[in-house]
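Geometric and topological summary
Chain residues, written in single-letter form:
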Amino acid sequence: MKLHPINDVETLHNISTVQNKVYLHQETVLNNIAKNLMQPLPQDCAELFSQLTEQVKTAPPDSANEAVYQAGVLLFLAGYGEAAYQTFLKLLSGELRLSKASSLIHQLESSILPSLCYGLGIPYPTTPNQEALNLQELTDLIFQNERQNRSMLLLDRFSVADLNLPPAIAKFVPPPPPIKAKFTDEYIQQMLGRSEQLHQGEISLFMQDAFRKLQVLSKNNQFTEALKLVDIYEQVCQVWQVETKDWISETVKIIAIDLCFRNGEENKAREYLLNWWMTSSRNTLSINTLVYLCSATRAFLAGVLRAVMNISPMQVDEFLDSLNKRTYIPQKSFTPSVLDWQIFMEAWNEKLLAGKLAENIESYSDWFSEAVSQKKCSKQGASASEILELERRLGKTLPPSYKNFLLYSNGWVILNEYCTLLGTKDVDWFYTLNQEWVDVWHGIERDEVDDETYFLYGRHQDPCHIRTRYMKTALQISTDHDGYVYLLNPMVIDEQGEWEAWDFGNKIAGAYRYRTFWDMMQAVYKRSFRDDK
């Protein structure tokens with residue numbers, strides 16, 4: 001049987017909200033990972049790299065520069081350092097220049113580009129939020145980043161002792177659970193013996209304790225003992241067939257890599273790096289954590305992963321050629337017809353019924369009994385007169401893409417979790433339906449967002465960069481659930497008459513904005529079903 005370890009912080013230990021918020025600082029230090037865009041990378045990256053090569057040829061800048069960034073990261077990891085540097089330079093000037101507010105530029109400036117320049121032995125160039133650095137300044141920055149990164153790796157998430165909280169706050173935080181395991185030979189043999197008397201909770205507790213013990217040994221530079229514990233941890237996971245893509249196991253792998261490099265065991269460190277690539281989720285947090293480690297950066301640039309990533313020199317040349325010869329002809333915004341909406345939303349309906357709805361049938365039945373029983377999320381299309389009446393009531397001409405959607409389906413059930421799109425009788429101004437909500441946000445000083453920052457679309461925008469004054473004139477087109485709502489903004493209209501669209505929510509502290517309603521629906525669809533085959 002496969003065990004999925006119960007190693008969620010709140011499950012293993014009733015840690016306080018204050019402490020959890022402090023832990024979120026790790027994500028800020030490691031690239032503000034909450035805004036991360038890259039999906040976990042595949043083991044074999046040849047196909048993905050070819051797709052990125054095609055995308056950069058003609059894609060609009062706000063999606064092309066995302067592809068360029070991802071290709072640069074792949075080149076870095078695969079050991080094509082010079083090509084990676086040339087690629088990243090494209091994001092610092094010209095058509096593909098990243099906005100200073102882009103989450104991509106923050107990722108580039110905080111970890112990837114400094115580490116790459118250090119590994120190549122070249123100065124750091126001027127970037128939107130960082131002045132140029134000579135080699136000595138860059139080296140100082142890299143060593144500082146490495147120390148901070150290592151301290152985060154070895155931070156005991158189950159204890160407030162490492163957090164230096166003010167006494168007034170710390171006294172309300174419960175003490176951490178003790179490390180119960182003594183890691184005696186008898187205990188280790190028991191864990192390796194696959195005894196029927198052991199249950200999942202005990203395996204999870206062992207993983208938690210081994211992880212915390214490993215952190216202590218690493219802090220004390222007890223490299224030999226720490227690496228022995230890593231071997232035991234891996235053996236236990238193998239014996240019990242434990243899934244090792246959880247955050248504890250991922251961190252153990254990275255600590256092991258760092259320990260080997262610090263202990264002078266270069267070959268073993270490279271083996272651990274290969275093992276990390278083959279067995280981890282290869283997400284951005286793990287990648288950035290490793291990039292912060294100088295020895296890991298040198299190993300990447302030496303090509304330790306090149307064979308398993310399977311990106312050939314010919315592919316690299318083709319990518320650079322496509323990037324340098326890139327041509328993009330600006331297009332007018334696409335206006336989907338009623339038939340376009342029908343095809344798209346029927347696919348949405350099918351995916352929903354086969355996936356999320358099937359998995360949560362009882363829960364959805366309570367909320368949307370008719371849609372569940374009929375297996376149909378669409379409604380009868382609005383008539384032209386119903387749309388005209390809505391426009392008369394609002395005093396505005398609706399955007400073409402939204403009008404065609406209403407002609408196809410006058411509302412939509414189960415759009416995103418428990419959110420539905422409203423029909424013509426219920427659509428109204430956000431301020432009319434949620435005055436208190438708007439007033440709370442309108443008092444936040446966010447309206448002084450410059451155009452370069454505000455008109456940044458695509459997945460690497462920062463949802464915090466909104467103009468709250470627009471909320472008073474926004475049109476609410478969905479129900480609001482759990483602090484989320486979909487809006488159309490008539491204060492930003494393109495030449496086709498399309499309104500800017502907002503995917504707004506309290507928990508994202510703002511809104512992901514799109515040029516059109518169609519663009520927003522495409523993004524919501526991809527996000528909702530990205531794990532589907």
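Description of the structure in this document. (Residues numbered from 1 in each chain as written. Predicted model: local features only at pLDDT ≥ 70, side-chain atom pairs only at ≥ 80, totals over all residues. Heavy atoms only, no water.)

**Points about the environment of glycine 72**
Note that glycine 72 resides in helix α5 (residues 61–77). Judged by its relative accessible area of 0%, glycine 72 falls in the buried class. In sequence terms glycine 72 and leucine 108 are 36 residues apart; their C-alpha atoms lie 10.0 Å from each other. Those residues within four positions of glycine 72 in sequence are excluded, and the remaining contacts are Ala84, Thr87 and Phe88. (Helix = DSSP H or I, 4+ residues; strand = E, 2+ residues; numbered from the N terminus. Buried < 20%, exposed > 50% of the residue type's maximum accessible area, 1.4 Å probe, protein only. Contact = heavy atoms within 4.5 Å.)

**Quick look at the nonpolar core**
With 94 residues, the main nonpolar core has Phe88 and Phe300 as its most contacted residues. No other element matches α5, which puts 10 residues into this core. Residues in contact with phenylalanine 300, not counting those within four places in the same chain, are Phe76, Leu77, Ala78, Gly79, Leu273, Trp276, Leu290, Val291 and Leu305. Judged by nonpolar contacts, the second largest core, of 40 residues, contains Trp341, Phe368, Leu421 and Val524. (Core = buried A, V, L, I, M, F, W, Y, C linked by side-chain atoms within 4.5 Å.)

**A short note on the sheet that holds strand β4 (residues 475–476)**
Pairing within the open sheet is antiparallel, and its 5 strands lie in the order β3-β4-β5-β6-β7. Edge positions in the open sheet fall to β3 (428–429) and β7 (510–514), since each of these has one partner strand only. In this sheet, β4 lies alongside β3 in antiparallel orientation, the contact comprising 2 bridges. Its bridge partner lying in β4, aspartate 428 is registered against glutamine 476. Taken strand by strand, helix α28 (residues 517–528) contacts β5 (484–493), β6 (499–505) and β7, and its axis lies near 35° from that of β6. (Pairing = 2+ DSSP bridges. Axes fitted to C-alpha atoms, helices over the stretch in contact; angles between N-to-C directions.)

**Things to note about the packing of helix α12 (residues 223–239) against helix α14 (residues 266–279)**
Running from N to C, α12 and α14 cross one another at 30°; their axes reach a closest spacing of 14 Å. If you check the angle between α12 and α14, you find them roughly parallel. In terms of crossing hand, the pair formed by α12 and α14 is left-handed. Along its contact with α12, which presents Leu227, Val230, Asp231 and Glu234, the element α14 presents Lys268, Tyr272 and Asn275. Its residues assigned to classes, the contact of α12 with α14 comprises 3 nonpolar, 1 polar and 3 charged. (Parallel < 35°, antiparallel > 145°, perpendicular 65-115°, else oblique. Left-handed = near helix turned anticlockwise from the far one by under 90°. Nonpolar A, V, L, I, M, F, W, Y, C, P; charged D, E, K, R; others polar.)

**Re the pattern of salt bridges**
Summed over all chains, the structure comprises 18 salt bridges. With a shortest N-O distance of 3.3 Å, aspartate 321 and lysine 325 are connected by a salt bridge. The exposure class assigned to lysine 325 is exposed, which follows from its relative accessible area of 60%. In the salt-bridge network here, residues are joined through shared partners; they are Glu146, Arg150, Asp258 and Arg262. (Salt bridge = Lys/Arg side-chain N within 4 Å of Asp/Glu carboxyl O.)

**A word on helix α8 (residues 135–153)**
Here α8 is 19 residues long and its end C-alpha atoms lie 26 Å apart, about the 27 Å a rise of 1.5 Å per residue gives. Here α8 has its buried residues at Leu138, Ile142, Asn145, Glu146, Asn149, Arg150, Met152 and Leu153. One face of α8 carries all of its buried residues, which in axial projection span an arc of 150°. Where α8 begins, the capping side chain belongs to asparagine 134, and its oxygen is found 3.1 Å from the backbone nitrogen of glutamine 136. (Expected span 1.5 Å × (residues − 1). Arc of directions from axis to C-beta. Polar contact = N/O pair within 3.5 Å; in protein donor to acceptor, adjacent residues only side chain to side chain.)

**What to know about unusual backbone geometry**
Of note, asparagine 310 is a non-glycine position whose phi angle comes to about 65°, a positive value. Inspection of the secondary structure puts asparagine 310 in the loop between α17 (306–309) and α18 (313–324). Under the relative-accessibility criterion, asparagine 310 is labelled partly exposed at 39%. Backbone geometry places alanine 509, a non-glycine residue, at a positive phi of 55°. You can call alanine 509 partly exposed: its relative accessible area is 25%.

**Details of the packing of aromatic side chains**
Taken as a whole and assessed by the stated rule, the structure comprises 27 aromatic pairs. A centroid spacing of 6.1 Å and a plane angle of 70° characterise the contact between tyrosine 118 and phenylalanine 143, whose relative ring orientation is edge-to-face. One end of the pair, tyrosine 118, is in helix α7 (residues 103–120); the other, phenylalanine 143, is in helix α8, with 25 residues separating them in the sequence. Seen in terms of ring centroids, tryptophan 441 and phenylalanine 504 are 5.0 Å apart; in terms of plane orientation they differ by 70°. Their pairing is edge-to-face. With tryptophan 441 in helix α26 (residues 435–442) and phenylalanine 504 in strand β6, the pair connects residues that are 63 residues apart, well separated along the chain. Taking the relative accessible area as the measure of exposure, tryptophan 441 reaches 7% and is therefore buried. Here the aromatic cluster, defined as three or more aromatic residues joined through ring pairs, consists of Phe334, Trp341, Phe344, Trp348, Tyr402, Phe405, Tyr408, Phe517, Trp518 and Tyr525. Here arginine 306 stacks its cationic end above the ring of tyrosine 80, 3.9 Å away from the centre of that ring. (Phe/Tyr/Trp six-rings, centres within 6.5 Å; stacked < 30°, edge-to-face > 60°. Lys NZ or Arg CZ within 6 Å of the ring centre and 35° of its normal.)

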